[in-house]
Amino acid sequence: MRSTQKGKPSLEKIEAAPENLPGMKLEAQASESSLAKASSAESFSESQILEDKGPGTWSMTAWISEAQALEARAARAQAWETQACEAQIRASQPKQSSLDMGAAPVMKQELLPENVQVPQKEENEVLLTRPLWSNKTEYILTQAGYALRPGNLWRFTFLWLHSGGCSFLVIYLFLLFLLGIPLLFLEMAAGQKLRQGNIGVWKVISPWIGGVGYTSFMVCFITSLYLNVINAWTLFYLGQSFQFPLPWEKCPLMKNSSGFDPECAQTTPSLYFWYRMTLMASDRIEDGGPPVFSLSLPLFMSLCVLGAFMINGLKSIGKVIYVLVSASYLIILCFLIRSLLLEGAVNGLQFLAVAEIPSMYNVNVWCRAGNQVLFSLGLGFGAIVSVSSHMQPSNNCLSDAFVVAVINLITMLLVTPFIFSVLGFWATVITHHCSEKNTETLLKLVTLGILPPEAQPPPNLQGNPTSIFTSWFNSLSHSIQRKILSHVPECNLEKQFLKIRESTNFVFLAFTEAMSFIPGSSFWSFIFFLMSLALGLSTMIGIMQGIITPLQDVFSSFKKYTKSFTVVVFMLMFLCGLFFTRPSGIYYIVLLNDHWTVLPIIIIIIFENLAVSWPSNARSFFADLAILWGHPIYPIIHWLWSYLSPIMLLILFVISLFQLSLKTKTYVAWDSSSVCIIVGLYYSVLVAWNLFYLVQSFQSPLPWSLCPLMKNSSGFDPECAWTTPTTYFWYRKVLKATDEIEIGGIPVMHLSVCLFVTWLIICISMMKGPKSTGKMLYVSVLLPYIILFCLLIRSLMLKGANFGLKSLLAAKVPALYSVEVWRRTGNQLFLSLGAGFGSFTAVSSHIPRSNNCVMDAFAVSFLNLVASMTTTVFVFAVMGHLAIKNNEKCYLMNAKTVMDLVAANLLPHEAQPPDSLHHDPSSIYSKWLNNLPGQVKERILPHLTNCDLSEQLSEVSAELRKAILRSILDSQDQGSQYPLVIR
């Protein structure tokens, strides 16, 4: 189509043409009139279609009903068809007069509003209209299903339990109506009015805030990756629910044995099944590995199911949402009724009615409630905007926001008593088992004479073991109670209930264990995971709309191949999601879900609010909504958007930022300068640790050589007695480490002083620029090399150093074909040279341009290689020495065990180890053990610990820092003895 500004002939010229073309003139006038009628009635629809193609405005001048819009589109289509036929007739004629060349542009130019240009390639796109929801029910259910994310339902329960009970509910309702619903209405109105996804809608509202759309899109995409993996976990458990008994009810048997797996025996069956059978989790987040096949297949299946639901667009989505949401609510109601009939459900429901008034004044509770409001409604991810963009602009989205928020609130209020009842049942069963086990233990202790007869519990605990055991225990004297508690744990139902903590894997740990206690556990587990999968899929439908819709709006060519494009997107998400199915994937999911998404979502919502509440934008936005609805918007909404919501969001952001900073969580940007700052802070703390140890080294004996004595006592600290002095000194004296990462606290004073001195020395060294830095580097570089060579010589003289050096020279040929080894080597290469931090570039900028930097690069790399090799030999020698020392301690501990068994007449006197074992444990122990008779040896071996030297070396290499400290300690005090710790 030609532009309206090129060669525009006038109507007077056509009317003055010869009379031999009357038919053409009449047809042009008819086409012109029909198009003018369509344009006048379709002004809103056409402006929306062209708004992302050219400069037009988004202010509305007229409002039309749905029936009028359909009639206008039909008239417009007929006019276009008439014009196309005329063009075809003209093309078939052999000769054209000059009038023909002017008539066609006239007819074409009248098809468009004034001052709007449309390129010729977009002629066919003008007729395309945005697909709409079949009815409002499908739209509401889609929005509600998206908000019913299972993790948000569980988190609401935890917050109710640990954040004040009913007081938290009051705060949540207050923030829901003053913050949540207005912001939900904002996103619905923006998408519905502008008919675009979350990327383009904010560009139209305010160009300076267009980046918010891209940010929300990226957050939505990353979140969708691990939410799909959670659906895969659910699908895996759903498949396992067909077994009887459930695989997480009991520990698995060992192969070729009738005994249970010893690793499972040290924990609970549900915990073992989750980490070892489902996730196959690694010990550390750094340990990667290939994707777990048993999770990759459910991930592929869940995406296939989701793709089948969405492949046909809104038509199929609307029908599927009916089933998913309805089935979820039906199962929730069934579970609610069943849970209220469980034993101990009252014990859980009593926590539901607790109200802690001080929580009303707790800033942390308000912050948690605010975050819960934002996340439970799904704000900031862009899905709400994208789903709303397929609704009629005249729809009253304010009432939709209220309906969705109320549905979400009712769902959480239904799920909360259900979860409390099940957890009350779980705590009751666990406490019953604890009471029964304590009874068996006490009966044995009384029989052996370890406890007095008064400590004998009632033999019959039928009916209610916990109540009977607790009543008997409370009737005892305080002295007997103390003796009993020194041998058995306390069985407290309330403490057991409060052990439940918020976590991403709550459903797969505590809740699965609780479900396994219910009669008919396989059936109830099946429908529970079916409900979780339905909720997860309904959430993913909304999130996928937030991914596919904006991409189709930005790249309009994708609309022609919707099905193919949907398949490509799902395949891409499957490949990216495989990262989270690796053995360490669970750790990344926990970090992303608990610590990463909070701040980006709050920031996105703040900017969305500012974009609409900005004075000029707000007036235009409200005026357009008033025209569409036929009545003005309530003033309170304008007041909430413009004043209250921005202030509350800013306060919520500051508090959340402060809380995350106390948890020492860091975010590393891709910018090299930011990475250099963060790594610099990290290394400065390491230097502060070394400075603290340097000062402590002036003491004799070293403070990490022996366990400290207790105050007003001659005994050692019992906490240190359970581990080594070096470990105790490191965690308790140096770091003063907390038990959990979530526990913050104030900075440690002595480390803060050392950190200050460290930065002070660095500042003095660099204060005068390269001149002072160069002089300081002579000392700071040459001195470590001298000390390193001294340590190397000393380490080679240690006992067992040759064993460590043998391990150094061992070569494993299969490692040459291992991708993981090559990856680690590459990472070590970059990190050892310090590449990518920007330091080389900054330092090299102070050297003349004529300098031969190739030779410098070789020299630096060679010095780095020499230092690395020297340090490696030193460390391996130290590790060999420490492995020998641990091996000797193991021999001595075994000898002591045998001596105790001989003294107790449990072993014959022939098993008595020689007294000279202390002089040379390694050689004497092996000779003594090999010279024993076969029968005696068979009786001794079950009581001995495996003292394999290679295993000792492997344990030592796992903690190099402790190994070096212990070796220094051993070299100074060869006669000291340390407790043997079996981990």
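Please read all numbers here as calculations on a predicted model, not as lab measurements.

### Re the overall build of the protein
A tally of regular secondary structure across the protein gives 41 helices and 0 strands. Taken over 983 residues, the protein has a buried fraction of 46%. For the protein, restricting intrachain contacts to residue pairs at least 6 apart in sequence, the fraction spanning at least 24 positions comes to 79%.

### Some thoughts on the environment of Ile140
Structurally, the position occupied by Ile140 is in helix H6 (residues 136-147). Remark: the alpha-carbon pair of Ile140 and Gly318, spanning 178 residues in sequence, is separated by 9.9 Å. Once residues lying within four places of it in the same chain are set aside, the contact partners of Ile140 are Asp400, Val403, Val404 and Ile407.

### Here we look at unusual backbone geometry
The backbone of Arg195 shows a phi angle near 55°, a positive value even though the residue is not glycine. Mapped onto the secondary structure, Arg195 falls in the loop between helix H8 (166-194) and helix H9 (200-205). Using a relative accessible area of 13% as the deciding quantity, one classes Arg195 as buried. Here the phi dihedral of Met280 falls at roughly 50°; this positive angle occurs in a residue that is not glycine. In this structure, Met280 sits in the loop between helix H12 (269-278) and helix H13 (293-310). Judged by relative accessible area, which is 42%, Met280 ranks as partly exposed.

### A closer look at a nonpolar patch on the surface
A cluster of nonpolar side chains, contributed by Phe293, Leu297, Phe300, Met301, Val567 and Met571, occupies part of the molecular surface with about 580 Å² of accessible area. Contributions of two or more residues to the nonpolar patch are made by H13 and helix H24 (562-577). Note that Met301 resides in helix H13.

### Examining the packing of helix H10 (residues 211-240) against helix H23 (residues 521-554)
Interhelical geometry of H10 versus H23 gives an angle of 155° and a closest axis separation of 9 Å. Looking at the two axes, H10 sits roughly antiparallel to H23. Crossing angle aside, the handedness with which H10 passes H23 is left-handed. In terms of residue class, the contact of H10 with H23 is built from 17 nonpolar, 8 polar and no charged.

### Things to note about the nonpolar core
A general tendency of soluble globular proteins is for nonpolar side chains to be buried together. If you look at the biggest cluster of nonpolar residues, it comprises 161 residues, and the most contacted ones within it are Trp202, Met544 and Ile547. Of the residues forming this core, the biggest block, 18 residues, is contributed by helix H18 (residues 397-448). Discounting chain neighbours no more than four positions away, the residues touching Met544 are Leu306, Met310, Val569, Phe570 and Met573.

### Details of the pattern of salt bridges
The final tally for this structure, using the stated rule, is 5 salt bridges. As a salt-bridge pair, Glu138 and Lys319 come within 3.3 Å of each other at their nearest N and O atoms. Of this pair, Glu138 sits in helix H6 while Lys319 sits in helix H14 (residues 314-340), and the two are 181 residues apart along the sequence. The closest approach of N and O atoms between Arg823 and Glu820, which form a salt bridge, is 2.3 Å. Remark: Glu820 and Arg823 occur in helix H35 (residues 819-833); sequence separation between them is 3 residues, near one turn of the helix. A cluster of three or more residues bridged by salt bridges with shared partners is formed by Glu820, Arg823 and Arg824.

### Overview of the packing of aromatic side chains
Under the defined criterion, the tally for this structure stands at 32 aromatic pairs. Taken together, a centroid distance of 6.2 Å and an interplanar angle of 35° make the contact between Phe168 and Tyr172 tilted. Note that Phe168 and Tyr172 are positioned in helix H8 at a spacing of 4 residues, about one turn of the helix. Of the two residues, Phe168 and Tyr172, neither departs from the other in class, the shared state being buried. On the basis of an interplanar angle of 45° and a centroid distance of 5.4 Å, the ring pair of Phe555 and Phe558 is categorised as tilted.

### Considerations on helix H7 (residues 150-162)
Three- or four-residue spacings in an α-helix give side chains the same orientation, since the helix completes a turn every 3.6 residues. If you check H7, its first and last C-alpha atoms are 19 Å apart, about what 13 residues at 1.5 Å a residue would give, namely 18 Å. Turning to H7, its buried residues number three or more, namely Pro150, Asn152, Leu153, Trp154, Arg155, Phe156, Thr157, Phe158, Leu159, Trp160 and Leu161. Phi turns positive, to about 110°, at Gly164, one or two residues after H7.

### Some points on helix H28 (residues 635-662)
When the terminal C-alpha atoms of H28 are compared, their 40 Å separation across 28 residues agrees well with the 40 Å that a helix rising 1.5 Å per residue should span. The sharpest bend along H28 comes to roughly 40°, located at Trp641.

### Observations concerning the side chain of Asn152
Among the secondary structure elements, Asn152 is positioned in helix H7. Of the residues examined, Asn152 reaches a relative accessible area of 3% and is grouped as buried. Not counting residues up to four positions away in its chain, the partners in contact with Asn152 are Ala147, Gln372, Phe375 and Ser376.

### Remarks on the packing of helix H19 (residues 465-474) against helix H20 (residues 478-485)
Running from amino to carboxyl end, H19 crosses H20 at an angle of 130°, the nearest separation of the two axes being 9 Å. With respect to H20, the element H19 is oriented oblique. Taking contact as the criterion, the partners of Trp472, Phe473 and Asn474 in H19 are, on H20, Gln481, Ile484 and Leu485. Taken together, the residues of the contact of H19 with H20 sort by class into 4 nonpolar, 2 polar and no charged.

### Details of the environment of Ile884
Mapping Ile884 onto the fold places it in helix H37 (residues 853-903). According to the relative accessible area criterion, Ile884 is buried, its value standing at 13%.

### Description of the confidence of the model for the protein
Model confidence for the protein is summarised by a mean pLDDT of 74, while 75% of its residues fall at 70 or above. Scored below 50 in pLDDT, residues 87-128 makes 64 contacts in the model with residues more than four places away or belonging to other chains. Confidence drops under pLDDT 50 across residues 665-682; counting only partners more than four residues distant or on other chains, this segment forms 17 contacts.

### Regarding the environment of Val866
Structurally, the position occupied by Val866 is in helix H37. Between the C-alpha atom of Val866 and that of Tyr785, which follows or precedes it by 81 residues, the distance is 9.9 Å.

### Regarding the side chain of Ser296
The residue Ser296 is located in helix H13 in this model. For Ser296, the contacting residues outside a window of four places in its chain are Pro291, Phe574, Leu578 and Thr581.

The rules behind the values
- Residues numbered from 1 in each chain as written.
- Predicted model: local features only at pLDDT ≥ 70, side-chain atom pairs only at ≥ 80, totals over all residues.
- Heavy atoms only, no water.
- Helix = DSSP H or I, 4+ residues; strand = E, 2+ residues; numbered from the N terminus.
- Buried < 20%, exposed > 50% of the residue type's maximum accessible area, 1.4 Å probe, protein only.
- Contact = heavy atoms within 4.5 Å.
- Patch = residues over 30% accessible without salt bridge, like charges linked within 9 Å, V, L, I, M, F, W, Y side chains within 5 Å.
- Areas by Shrake-Rupley, 256 points an atom, 1.4 Å probe, with all protein chains shown as cover.
- Salt bridge = Lys/Arg side-chain N within 4 Å of Asp/Glu carboxyl O.
- Axes fitted to C-alpha atoms, helices over the stretch in contact; angles between N-to-C directions.
- Parallel < 35°, antiparallel > 145°, perpendicular 65-115°, else oblique.
- Left-handed = near helix turned anticlockwise from the far one by under 90°.
- Nonpolar A, V, L, I, M, F, W, Y, C, P; charged D, E, K, R; others polar.
- Core = buried A, V, L, I, M, F, W, Y, C linked by side-chain atoms within 4.5 Å.
- Phe/Tyr/Trp six-rings, centres within 6.5 Å; stacked < 30°, edge-to-face > 60°.
- Expected span 1.5 Å × (residues − 1).
- Bend = angle between axes of the 7 residues up to and from the residue.
- pLDDT = per-residue confidence, 0-100.

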